[in-house]
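# Working through the structure, step by step
The chain contents come next:
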Protein chains: 2
Amino acid sequence: MKVMAAENNNLSLSKQRLRLWLRMLRASKTIENEVRERLKKTFDVTLPRFDVLAALYRHPEGLTMTALSRDLEVSNGNVTGIVDRLTKDGFVLRVPIANDRRATTVQLTPKGKGEFEIMAEAHESWIDEMMESLNEARIDEMIAVLEQLKNEAGGVE
Amino acid sequence: MKVMAAENNNLSLSKQRLRLWLRMLRASKTIENEVRERLKKTFDVTLPRFDVLAALYRHPEGLTMTALSRDLEVSNGNVTGIVDRLTKDGFVLRVPIANDRRATTVQLTPKGKGEFEIMAEAHESWIDEMMESLNEARIDEMIAVLEQLKNEAGGVE
DNA sequence: TAAATTTATTTCAAGCTTAAAATATCAAAG
DNA sequence: CTTTGATATTTTAAGCTTGAAATAAATTTA
């Protein structure tokens, strides 16, 4: 009897977790689509390009291709293409590393830095607008849960 | 002085909201990547295909291409390709609509339904595992916030 | 009814994405 | 040294994704 009850509890809890995951995915997708569209319309830049610029902005010393791929959680081959195009357009630069001829760091050019700062300001205000209803307490709460989730799922082994 | 304080408050709140968004995106991406990899390894199916099957499973009467595209929040042209491939592999079926020669509904085949049920069970257990630390209260809390967020961002105008 | 507009879908070009294979270089061990 | 294994990146093929243009059919309107 107790086992049965526990099973039933687990079952509905797992359904509830699934439901949360689907909601989270949906909210993310909605916001992401909105951001993608505004980036395109306002700055004629794609979301993946924006993401790469943002990662590099957070690391003024530059990032290797591998570090960039890990930071963005995308495949290494993927980064190659985006960086190629950003390089062609003068937003980023591949800088050889002194002691390792295999690796290069990628850095923002002054143009890339300047353009990103403009986009980042708009981006922040869009997010602020889309999350208008959330106060500080709610936000801290959410952040804590998400942090825990990410570690649990990502396998910090 | 009061204005100044308010501005500072707003500024840090908007940064906090941005921070939340980035965490949410990161958690989603981590879980999504994990699910994608497991679907591929376990069932040799891609995540977009799984998403389409899931949407159709929730609507046994079938969905038009437009409804499917809206449900998944992806472009209409995107759905065409995925449904094409699922059709070729015998998972779904395009069924003409009686009164409207422009539209077709898409439905799961028995094979599609059967295969999806197997995948869905595994999928649910993966999510359960990845969200092990979240209890019912936390989950309900999160769902409420996410629901609000989605409506705010998605423009329910 | 004919023309104009709207709706449903597909097609297309460009770019994004992954997983796996191929290159190239470095580091370690014999 | 030089082979062996590890690391960093690019390449490749297949599939995903978008936004816009092209078709086609239904609906509205003059």
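Structure first, text after, so check above.
My aim in this report is to walk through the structure given alongside it, one point at a time. Predicted, not measured: the structure shown is a model, and the values here were computed from it.

## Examining the relation of the copies chain B and chain A
Superposing chain B onto chain A requires a rotation of 180° together with a translation of 0.0 Å along the rotation axis, leaving an RMSD of 0.0 Å. Look at the turn and shift together and you get a two-fold axis relating the two. Looking at chain B, 100% of its interface residues are interface residues in chain A too, so the copies touch through the same face.

## Remarks on the pattern of salt bridges
Counted by the stated rule, this structure contains 28 salt bridges over all chains. Across the salt bridge formed by Asp44(A) and Lys40(A), the nearest N and O atoms sit 3.7 Å from each other. Given a relative accessible area of 58%, Asp44(A) falls into the exposed group. A cluster of three or more residues bridged by salt bridges with shared partners is formed by Arg26(A), Arg58(B), Asp71(B) and Glu73(B).

## A closer look at the sheet that holds strand β3 (residues 104–108) of chain A
Residue and element names in this part refer to chain A. Read from one edge to the other, the open sheet built from 3 strands follows the order β1-β3-β2, with strand pairing classed as antiparallel. Looking at strand neighbours, the two that pair on one side only are β1 (63–64) and β2 (92–96), the edges of this open sheet. Of the strand pairs in this sheet, β1 and β3 are connected by 2 bridges, and their pairing is antiparallel. When the sheet's bridge partners are listed, Thr64 is paired in β3 with Thr105.

Reading the values: rules and limits
Residues numbered from 1 in each chain as written. Chains lettered and ligands numbered in written order. Predicted model: local features only at pLDDT ≥ 70, side-chain atom pairs only at ≥ 80, totals over all residues. Heavy atoms only, no water. Least-squares fit on C-alpha atoms with pLDDT ≥ 70 in both. Contact = heavy atoms within 4.5 Å. Salt bridge = Lys/Arg side-chain N within 4 Å of Asp/Glu carboxyl O. Buried < 20%, exposed > 50% of the residue type's maximum accessible area, 1.4 Å probe, protein only. Pairing = 2+ DSSP bridges. Helix = DSSP H or I, 4+ residues; strand = E, 2+ residues; numbered from the N terminus.

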